[in-house]
Amino acid sequence: MLLVLSSLFCIAALEEIRYSIHEEMAKHSTVGNLAKDLGLNDKELRKRNLHILSEGKKQYFTINAENGNLYVNDRIDREGICGESTSCVINFEAVVENPLNVFHIGVTVQDINDNAPQFLSGNIHLETIEVTLPGTRFLIGKAEDPDIGMNSLQNYQLSTNQYFILEVREKQDGNKYAELVLKKPLDREKEQIFHLVLTALDGGEPRKTGTTQIWVNVTDANDNPPIFTQEVYKVSLLEKVPVGSLVLQVVASDNDEGTNAQITYHFNNAPMNVRQKFRLDPANGTITLTESLDFEEMEEYTMTVAAKDGGGLVTHCEVEISVLDENDNSPEVNLASVYSPVPEDSVPGILIALININDRDTGDNGKVACSLPKSLPFKVVPTSNNYYKLLLDSLLDRESISEYNITVTATDKGNPPLSTHKTISVQISDINDNAPSFEKSSYTIYVPENKPSGMSIFSVKALDPDMDQNARITYSILHSNIKELPISSYISINSETGALHAQRSFDYEQFREFQLQVKAQDDGSPPLSNNVTVRVFVLDQNDNSPRILSPSQEAKESALFEMVPRSAEAGYLVTKVVAVDADSGHNAWLSYHVIQATEPGFFTVGSHTGEIRTARAFVEKDATKQKLVVLVKDNGQPSLSATMTLNLVFAENFQEALPEMKNQSSSPDYQSDLQFYLVLALALMSFLFLLTVILAILMKLRRSGNPKFLQCFAPVPHSKAGAIFPPNFEDGTLPYSYQLCLSSESRKNEVTFLTPNIQIAGNVLGNDNLGLPLTGNEQNNLNSEVENTEKEVVAATSMDGFKRELDKHMEQKSISGY
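Computed from a predicted structure; not experimentally measured.

Here is what the cut-offs are and how they apply
- Residues numbered from 1 in each chain as written.
- Predicted model: local features only at pLDDT ≥ 70, side-chain atom pairs only at ≥ 80, totals over all residues.
- Heavy atoms only, no water.
- Pairing = 2+ DSSP bridges.
- Helix = DSSP H or I, 4+ residues; strand = E, 2+ residues; numbered from the N terminus.
- Axes fitted to C-alpha atoms, helices over the stretch in contact; angles between N-to-C directions.
- Phe/Tyr/Trp six-rings, centres within 6.5 Å; stacked < 30°, edge-to-face > 60°.
- Buried < 20%, exposed > 50% of the residue type's maximum accessible area, 1.4 Å probe, protein only.
- Disulfide = S-S within 2.5 Å.
- Contact = heavy atoms within 4.5 Å.
- Salt bridge = Lys/Arg side-chain N within 4 Å of Asp/Glu carboxyl O.

Novice: How do you make sense of the sheet that holds strand β36 (residues 442–448) when you look at a structure like this?
Specialist: What the four strands build is an open sheet, ordered β36-β43-β42-β39; its pairing is mixed. The sheet is open, and its two borders are formed by β36 and β39 (473–480), each paired with just one other strand. The mean inter-strand angle of the sheet, taken between neighbouring strand axes irrespective of direction, is 30°.

The following block contains the structure:
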């Protein structure tokens, strides 16, 4: 039979809902629609997982997850659940998730008349003496009916008889009991045994009854019944009192003598729990404890003790034993719900767990305080009905602490206090709140040149304290300062390991350093990244041999000639070997050495300057032609070198040196020497022709009387410190000075020529000291040579004549060469 009486809502720290039902409802009977009373629609019902917290108790109810109805799950016996309590409420908690909320559900169980009154014994035997006076009372006891209200015991009825009437009395606790009252004197000789029927009735519909048989045995006279010293004995015991302890002693006396004064004690209709806990000595009336007491099980015991004398007279007294609570129960900590894992970006105040704490003791012994260690970022706050909320109190950082073992301590206020510890494990889930960080703020890499492409040159490493995909790092190259080609043509990076690989062989002479930006990005959402600068320095290797710039070696097999005056003293600067090395550092440090000489020790070379000087003055026995082989080597490991062969001719002028050049001895290099002399002859003829033209022009200008214009032909002064090289000498630029002169008698450019910045004109004229004052003989020789030159110019005024003279001169040169 289903009857839902009420549904109430109570707003508190946690919401409370109440229902009312009758006991003994059939299983699966509907109590009410809990989802509707909580305001949950069908969609929310499926999403928020409405369910009942068990907490290890018997489940009297269940919730249908489909419609939210609250059903009876097991037999509900109000008397078995609540005993004699007038109010019977079954409390439990229902939980919804997302977000988490707890509701207190109270179901009031109303009594039905399902129990009939029942006497402890089906037969009651009484004895009384025949001289018993009318008005004497005989305690019969009471019937037990576990129902309450009108369904409980309401009245007693006694079967019809002449001697006894029934009187119903009520105790302070409301329980009714029956006493037989003697209505008129007894006469044992007329009737010795009386048989009566006592009926107990409740007030339910339909009314239920219970009966017991009363047998009254009439004995001979004993006119003084026993008398107790107290009608009610009261005593209080601590629940921890040891078994066997004396509880109290009841004492009764009888004024009779003999056997009529001998008193024995016994429990009268004592409940079973009293007989289990206590023992009554029949001889002296002492009550001792036979089992341990437990305040949480029973707070008070009430019993009736009868004192009976030898004549059969009986007197009764009440014994009330109160059990005092002691702090013998530690708090019970039950975890109702836990929210784990907790995101590390959770805001303070979020609910982590719901905790239920109970203490079976009473008073201060049952008052509980809940606490947490102070070092944790959590706090616990009370709500209601012994529930506590575990809340987040401060910000979390999974990278610092990824899991918390929270010890909840529940302590009662007893003396001494008792505590219970409960550990709650809370995992912290990761969010992508940390960007990858490199081990260094910048990296510097040194890569030797000429290493093969594809080799690993370095590895950058970034760390991310996050976990899983938030800590998975991908490396890439953003950009570099190389403009010619994309950085991928030079460097590649392994996206997983950060290893840098050279995509080509580096050449120190092309570029020496560059820098690039490496990016480390995690796989979080959104992804976080960080950049680092990587500077790559190419280390020089000794891969370039020295290059000799001066004296020039344009022809590979041709020999170089330098003319040295015979009058040169020791230390005379013959020439200077100039060489460069494309490498740098130690690899570019050059040293000069003479490795072969016609006369060893005649010439020296500066090991660092390359200057070739005479070690002594020239003597007649010395050969006029000297051959030097100069080695230029760098300081690399292993060192690289270059050599040059220099032919030196001791002569005072070019004409004197020319025969020495012609008479170069034949050698396996014969063909090379022949070519050299042919080129030299052609150059000499060209030079003589140019000189003739120049002298002709000079003579013409001298006659024109314009001396200022001749200043443009003045010799260009040169430094005596040696050859001067312009900055772009490595590109093949020769040290020439250019001058432009115009004729005063012509309206257009007459001639343009260049003057080499080397001392050769003086040699042609047969004087090494060009620019110095001439002696008389030298002046005469110069004038004679000028006159001869003028004659030659006149003889070669036509191109045909000049051509004939040139062919004739070349023929003579060829014959002399052979």
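Novice: Would you mind showing me how to read the packing of aromatic side chains here?
Specialist: The way to describe two aromatic rings as a pair is by their centre distance and the angle between their planes. Within this structure, the stated rule accounts for 17 aromatic pairs. With a centroid separation of 6.2 Å and an interplanar angle of 50°, the aromatic rings of F228 and Y265 are classed as tilted. Note that F228 is positioned in strand β18 (residues 227–228) and Y265 in strand β22 (residues 264–267), a separation of 37 residues in sequence. Between Y446 and F537, the aromatic rings sit 5.5 Å apart at their centres with planes inclined by 20°, giving stacked as the arrangement. Of this pair, Y446 sits in strand β36 while F537 sits in strand β43 (residues 529–539); the two residues are 91 residues apart in sequence, bridging distant segments of the chain. Assessed through its relative accessible area of 53%, Y446 is described here as exposed. By relative accessible area, which is 23% here, F537 ends up partly exposed. Taken together, the ring pairs in this structure connect F138, Y163, F164 and F194 into an aromatic cluster.

Novice: Which parts of the structure should I look at to understand unusual backbone geometry?
Specialist: Across the chain, the bulk of peptide bonds are trans and the bulk of non-glycine residues have phi less than zero. The linkage connecting S340 with the following residue, P341, adopts the cis geometry, with an omega of 5°. Residue position: P341 is located in the loop between β27 (332–338) and β28 (342–343). The omega angle of the peptide bond from S550 to P551 is -5°, so this bond is cis rather than trans. Counting through the fold element by element, P551 comes out in the loop between β44 (547–550) and β45 (560–564). Phi angles above zero are rare outside glycine, and H28 is one such case at about 75°. Structurally, H28 is set in the loop between β2 (15–22) and β3 (30–33). Taking the relative accessible area as the measure of exposure, H28 reaches 55% and is therefore exposed. Unusually for a residue other than glycine, N98 sits at a positive phi of about 55°. Here N98 lies in the loop between β7 (89–96) and β8 (101–110).

Novice: Would you explain the state of the cysteines in this entry?
Specialist: Covalent bonding between the sulfur atoms of two cysteines defines a disulfide. One pass over the full model with this rule turns up one disulfide. The side chain of C82 participates in a disulfide bridge whose partner is C88; the two sulfur atoms lie 1.9 Å from each other. One quick way to see it: the torsion about the S-S bond of C82 and C88 is about 70°, and its sign makes the bridge right-handed. In this structure C88 comes out as buried when scored by relative accessible area, which is 1%.

Novice: What's the story with the side chain of T286 in this structure? I'm lost.
Specialist: With respect to the element layout, T286 can be found in strand β24 (residues 286–289). Residue contacts for T286: discarding those within four places in its chain leaves L246, L248, Q249, R279, L280 and D281.

Novice: I tried to follow the sheet that holds strand β20 (residues 246–249) on my own but got confused; where do I start?
Specialist: Each strand in a sheet pairs with its neighbour through backbone hydrogen bonds, running either in the same direction (parallel) or in the opposite one (antiparallel). Here we have three strands laid out as an open sheet, ordered β20-β24-β23, and antiparallel in their pairing. Here the strands that pair on one side only, and so sit at the sheet edges, are β20 and β23 (278–280). Geometrically, the sheet is characterised by an average inter-axis angle of 20° between neighbouring strands, direction not taken into account. Examined bridge by bridge, β20 and β24 share three bridges and lie antiparallel to one another. By the bridge assignment for β24, Q249 is matched with T286.

Novice: Can you help me understand the pattern of salt bridges in this one?
Specialist: Note that side chains of opposite charge can pair when their charged atoms are close. Considering all chains together, one arrives at 19 salt bridges under this definition. Here E291 ties to K277 by a salt bridge, and the two come within 3.7 Å at their closest N and O atoms. Taken together, the residues E291 in the loop between β24 and β25 (300–308) and K277 in helix α4 (residues 272–277) connect sequence positions 14 residues apart. Here D523 ties to R472 by a salt bridge, and the two come within 3.8 Å at their closest N and O atoms. One end of the pair, D523, is in the loop between β42 (513–522) and β43; the other, R472, is in the loop between β38 (462–463) and β39, and 51 residues separate them in sequence. The partly exposed category is assigned to D523, whose relative accessible area is 32%. Overall, the relative accessible area of 46% leaves R472 in the partly exposed class. What emerges from the salt-bridge pattern is a single network uniting R137, E167, R169 and E179.

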